[in-house]
Number of protein chains: 2
Amino acid sequence: MKIREELLRNIRQVEPYVPGEQPQEQVVKLNTNENPYPPSPEVKKALDAMDTDAFRLYPDPASSVLVKALAEQYHVGENQVFAGVGSDDVLSLCFLTFFNSDKPVLFPDITYSFYKVWAQLYRIPYECPKLDEDFRIVKEDYYCENGGIIFPNPNAPTAIYEELDFIEDILEHNRNSIVIVDEAYIDFAGRSAVELIGRYDNLIVTQTFSKSRSMAGMRIGYAIACPELIRCLNDVKYSFNSYTMSRAALVCGAAAVGDTEYFEENIRKIVKTREWAKKELSKLGFVMTDSKANFIFARHPEYDAGKLFTELKNEHIYVRHWDDERIGQYLRISVGTDEEMGILIDFLRRTVRQH
Amino acid sequence: MKIREELLRNIRQVEPYVPGEQPQEQVVKLNTNENPYPPSPEVKKALDAMDTDAFRLYPDPASSVLVKALAEQYHVGENQVFAGVGSDDVLSLCFLTFFNSDKPVLFPDITYSFYKVWAQLYRIPYECPKLDEDFRIVKEDYYCENGGIIFPNPNAPTAIYEELDFIEDILEHNRNSIVIVDEAYIDFAGRSAVELIGRYDNLIVTQTFSKSRSMAGMRIGYAIACPELIRCLNDVKYSFNSYTMSRAALVCGAAAVGDTEYFEENIRKIVKTREWAKKELSKLGFVMTDSKANFIFARHPEYDAGKLFTELKNEHIYVRHWDDERIGQYLRISVGTDEEMGILIDFLRRTVRQH
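Owing to the predicted nature of the structure, the values given are computational and were not obtained by experimental measurement. (Residues numbered from 1 in each chain as written. Chains lettered and ligands numbered in written order. Predicted model: local features only at pLDDT ≥ 70, side-chain atom pairs only at ≥ 80, totals over all residues. Heavy atoms only, no water.)

A. Spotlight on the overall build of chain A. Of regular secondary structure, chain A possesses 11 helices and 12 strands. Over its C-alpha atoms, taken along the principal directions, chain A stretches across nearly 60 × 55 × 50 Å. In chain A, of all internal contacts separated by at least 6 residues, the share reaching a separation of at least 24 is 73%. (Helix = DSSP H or I, 4+ residues; strand = E, 2+ residues; numbered from the N terminus. Contact = heavy atoms within 4.5 Å.)

Okay, here's the thing in C-alpha cells:
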C-alpha cells in the first residue's frame, strides 16, 4: 500500500540511507568500527549496582555524573564538557547551534557522511574541498571565508591523522569561525586537540564512547570546548529536548571513564593488531593509507573492491564498501581481534593468490 | 567571559528554557509528572541479565525487540510501531517528517510547550487556536486548511481528556493532513486512539514510558500509525541518526511492556489517589478541571498561585507553575503516593485556612 498523494506532499522525502549491517548470525564483523573487546568490567559493576527504582524519575538533564568524570579525565572544567546520545547526537546539535550562518560550512569531500545530511537537514549551506590525491586534507582550502569548519581527525574513512600544528594552522586562520574537530578515532592515533581548548575559543572537540571505550551500544558522545561554547550548546539542547541521556548511560559512562588502565590496554591491543594487519595486507599487495584509526582503508591494484566486498560477505566476513567515484576501489576494514583479522587475511591470501 | 561578537553572530540564539527542577535533597516532588512507583520488577531482572560485553556493538537500529513487544501489546503489526528516545525524540522527528508544508500546523494555545519550540526549530509555520473558557479544545477550530495537527489527549497541563468521537471528528475533517495525538497520559484516562489506526491513514498516536510505565529515566517513547507513515518516520531517522536507543533501553523497555498486571495495578493506584486528592482539594476551595491524567490542574479563587507555589517550595513541596496570562493562577500538581499527596494537602489546609 502506498501513501495517498494528498498526504504524501507534506511528508519529508529523504535519500534512503542504510547503516552498516548488524548481522544476527555468527560472522566476522569488521564493518562498523566497533571495538572487538568488551567495555571495562566497571560497567557491569555499575549496572549491577543500579537502583532501577530510580528509573521512575527523569535523568539529570545536565548529565552531571558523566560530565564530572570526563572533566577529571581530560583536565578541563565541568563547564567545558557537554554529553549527548552518541557523537551523532552531539555533532547534529553542534551543526544546529554553531553553523547558523549564510556562508558555507566547510568539510572535506571524503569524510563522515552525516555532515552533509545534517547540513541539508538544517538548511545550512556547505562546500566540500577535495582531499588531495593522497587523501590528505589541504589546509589552505579552509583559509577562505566560511560559516564554520568540521573534519574528523583521524579522518574517516581514510584513517589519516594530522598533527596538532596542522589543526592549529586551521584554527589560526579561522578565529571568527567555529572549528569542530571530530575525534571519534583519536585514541588510536595521537595527541588530541583538547589541549588546544584553552587557547582557542573557536574550537570544539568531539569524542565518543563507541570506539575506544567499547560502548557503541550505550550511545554516549561528548564535546569539549571553552565554557562559553558549551553554554550555547546546553542552551539549544534545553530549548528543545531536556532529557536525552538515560540514567543507565550516565552511570555506565562514568564508570567506564574511570578505568584508565583497562582503556589503555584495550587501545594498545587494537593498535598492535592494526599494525600487524597493515603489514600482512601489504605483503598481499594491498595499498593503504597509514591508518591511525581502528580501521584500515585499503585497495588492491589488481582486484575490484566491490567484487572483493561481496566475496568476503559470502564468507561471512563483513567489511565496508562504498559505490563512489573516488573511493569505490577501497575497502574499510575495522580492526578486530587477532583471530578475526587472521580469518580475514587467510581468506584474502587465498583469494588474491587465485586471482 | 562572553563570546566575542565575531563568533557570536553565527551561533543560534534561543529562548532560555528551564526544565522542571530535579532537586537532590529529600522533597515531595510533584513537579514533573513522574510516576511515584518504581517500574516493573521485570526491568531489574532484565538489567541484571544483560550481557554488558555486547555494549561494544551498536544497538539494533530498528529497535526490534522493543517494537515487537509493543506491537504485541497493542495488537498492531511490527511495521506499525516506531520507537525513540522518549516521546520528545519521537515527536520532534514527527514534526520534521510530517509537518513539511507551507501551511500552518495547528495546536492549542495551551498545550505541551515543546510543540512551538520544534515548529520554530524546523521553521514550520504554526497557529494556535485558543482553548475555550473551560480549557477545552474547540474541534471546529481544526476544520480549516492546515499543514498538520497535533494535540495531547489528555491535554497538558489542563488534564482534560476528550472521547474518541471527538478525535474522530478531527480526523474526518482532515483526511489530507497528518493528525498526531500525543497520548503521554492516556493510560490514566480512557480509550486510546490506537484503535482508530486501522481506519485512518492520517493518524499518528504517540505514547511514552515516562509516565504510566515509571521509566522516565530510561528515555523511551513510541509512535503507532499505519505502516506507510511508520516507514516515512524510519526513513527520516535512518537518514540522519541510525542508532538512537541504547541496548539497555531496548531490553528494559521490552521487559516492562510484558508485565501487564503490574502496569494495571500501578495505574489503578494512581487514579485512586488522584480522585481522592481532587475531592480533598475541592473541600479546600480549589477549582479544578476534571483531571484524567496523572496530574491535577488547580487554582484557588482566593489565593495567588505564584505565591502558593513559592510557599510550597519553601516547605520542600515541588509543584509546577507558569507565569502566563491564561494559566498563571493555576498549579499543576503531579499525583504522587497517598503519603505525598497527604503532605501536600495538609500543608494547603493550614495555608488556605490561615488566609
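B. View of the packing of aromatic side chains. Tallied over the entire structure, the rule returns 34 aromatic pairs over all chains. Here the aromatic rings of phenylalanine 114 of chain B and tryptophan 118 of chain B are separated by 5.6 Å at their centres, their planes lie at 75°, and the arrangement is edge-to-face. Highlighted residues: phenylalanine 114 of chain B and tryptophan 118 of chain B, both in helix H5 (residues 114–121), separated by four residues, approximately one helical turn. Note on phenylalanine 114 of chain B: relative accessible area 2%, which makes it buried. Owing to a relative accessible area of 0%, tryptophan 118 of chain B belongs among the buried residues under this scheme. Through pairs of rings, three or more aromatic residues link up here, namely Phe95, Phe99, Phe107, Tyr112, Phe114, Tyr115, Trp118 and Tyr126 of chain A. Here lysine 269 of chain A stacks its cationic end above the ring of tyrosine 37 of chain A, 3.9 Å away from the centre of that ring. The ring of phenylalanine 295 of chain A has arginine 332 of chain A lying over it, and the distance from NZ or CZ to the ring centre is 5.8 Å. (Phe/Tyr/Trp six-rings, centres within 6.5 Å; stacked < 30°, edge-to-face > 60°. Buried < 20%, exposed > 50% of the residue type's maximum accessible area, 1.4 Å probe, protein only. Lys NZ or Arg CZ within 6 Å of the ring centre and 35° of its normal.)

C. Structural context of the interface of chain A and chain B. Contact with chain A, which involves 85 residues of that partner, is made by 85 residues of chain B. Summing both sides of the interface, chain A and chain B together bury roughly 7,500 Å²; the carbon and sulfur share of this comes to 57%. It is Asn10, Arg56 and Tyr58 of chain A in chain A that bury the most area against chain B; as a group they hold 10% of the surface buried on that side. Across the chain A-chain B interface, the total number found is two salt bridges. When the shortest N-O distance is used, the salt bridge between arginine 4 of chain B and aspartate 201 of chain A registers 2.7 Å. There are 35 residue pairs in polar contact (both at pLDDT 80 or more) connecting chain A and chain B. (Buried area = accessible area lost by both parts, 1.4 Å probe. Salt bridge = Lys/Arg side-chain N within 4 Å of Asp/Glu carboxyl O. Polar contact = N/O pair within 3.5 Å; in protein donor to acceptor, adjacent residues only side chain to side chain.)

D. Structural context of the relation of the copies chain A and chain B. Rotating chain A by 180° about the axis while translating it 0.0 Å along that axis superimposes it on chain B, leaving an RMSD of 0.0 Å. The operation mapping one copy onto its partner corresponds to a two-fold rotation axis. Identified as the residue of chain A closest to the rotation axis by C-alpha distance is aspartate 48 of chain A, at 3.0 Å. Mapped onto chain B, 100% of the interface residues of chain A are again interface residues, and the two copies thus contact each other with one and the same surface. (Least-squares fit on C-alpha atoms with pLDDT ≥ 70 in both.)

E. Quick peek at the UniProt feature "domain: Aminotransferase class I/classII large" (unreviewed entry) in chain A. As recorded in UniProt, the sites labelled "domain: Aminotransferase class I/classII large" (unreviewed entry) are residues 26–347 of chain A. Annotated as 37% helix and 13% strand, the span residues 26–347 of chain A places its first and last C-alpha atoms 17 Å apart. (UniProt positions renumbered as here; feature names shortened; annotations may be inferred.)

F. Structural detail: the domain arrangement of chain A. All names here are of chain A. Taken domain by domain, chain A consists of domain 1 (5–38 + 261–354) and domain 2 (41–259). Listed as interface residues are 30 residues of domain 1 and, on the opposing side, 31 residues of domain 2. Of all residues in domain 1, Phe263, Lys292 and Arg326 bury the most surface against domain 2, accounting for 29% of the area lost on that side. On inspection of domain 1 and its partner domain 2, the count reaches one salt bridge. As a salt-bridge pair, aspartate 109 and arginine 326 come within 2.7 Å of each other at their nearest N and O atoms. (Domains from an automatic or database assignment.)

G. Representation of the side chain of arginine 274 of chain B in the model. If you trace the backbone, arginine 274 of chain B turns up in helix H9 (residues 260–283). In contact with arginine 274 of chain B, other than residues within four places in its own chain, are Phe188, Ser291, Lys292, Ala293, Ile296 and Val335 of chain B.

H. Spotlight on the sheet that holds strand E9 (residues 287–288) of chain B. Residue and element names in this part refer to chain B. Judged by pairing direction, the sheet is antiparallel, and its three strands sit side by side in the order E9-E10-E12 without closing on themselves. A strand with exactly one partner marks an edge of an open sheet, and here the two such strands are E9 and strand E12 (331–334). The sheet contact formed by E9 and strand E10 (residues 295–299) spans two bridges and is antiparallel. Looking across to E10, one finds that valine 287 is bridged to arginine 299. Its contacts with the sheet put H9 on E9, E10 and E12, and the angle it makes with E10 is roughly 10°. (Pairing = 2+ DSSP bridges. Axes fitted to C-alpha atoms, helices over the stretch in contact; angles between N-to-C directions.)

I. Region of the structure containing the packing of helix H5 (residues 114–121) of chain A against helix H7 (residues 227–240) of chain B. The geometry of H5 of chain A relative to H7 of chain B is characterised by a closest axis approach of 8 Å and an angle of 125° between their N-to-C directions. Relative to H7 of chain B, H5 of chain A is oriented oblique. Taken together, the residues of H7 of chain B that come into contact with H5 of chain A (itself represented by Phe114, Val117, Trp118 and Leu121 of chain A) are Tyr238, Ser239 and Phe240 of chain B. Partitioned by chemical class, the residues of the contact of H5 of chain A with H7 of chain B number six nonpolar, one polar and no charged. (Parallel < 35°, antiparallel > 145°, perpendicular 65-115°, else oblique. Nonpolar A, V, L, I, M, F, W, Y, C, P; charged D, E, K, R; others polar.)

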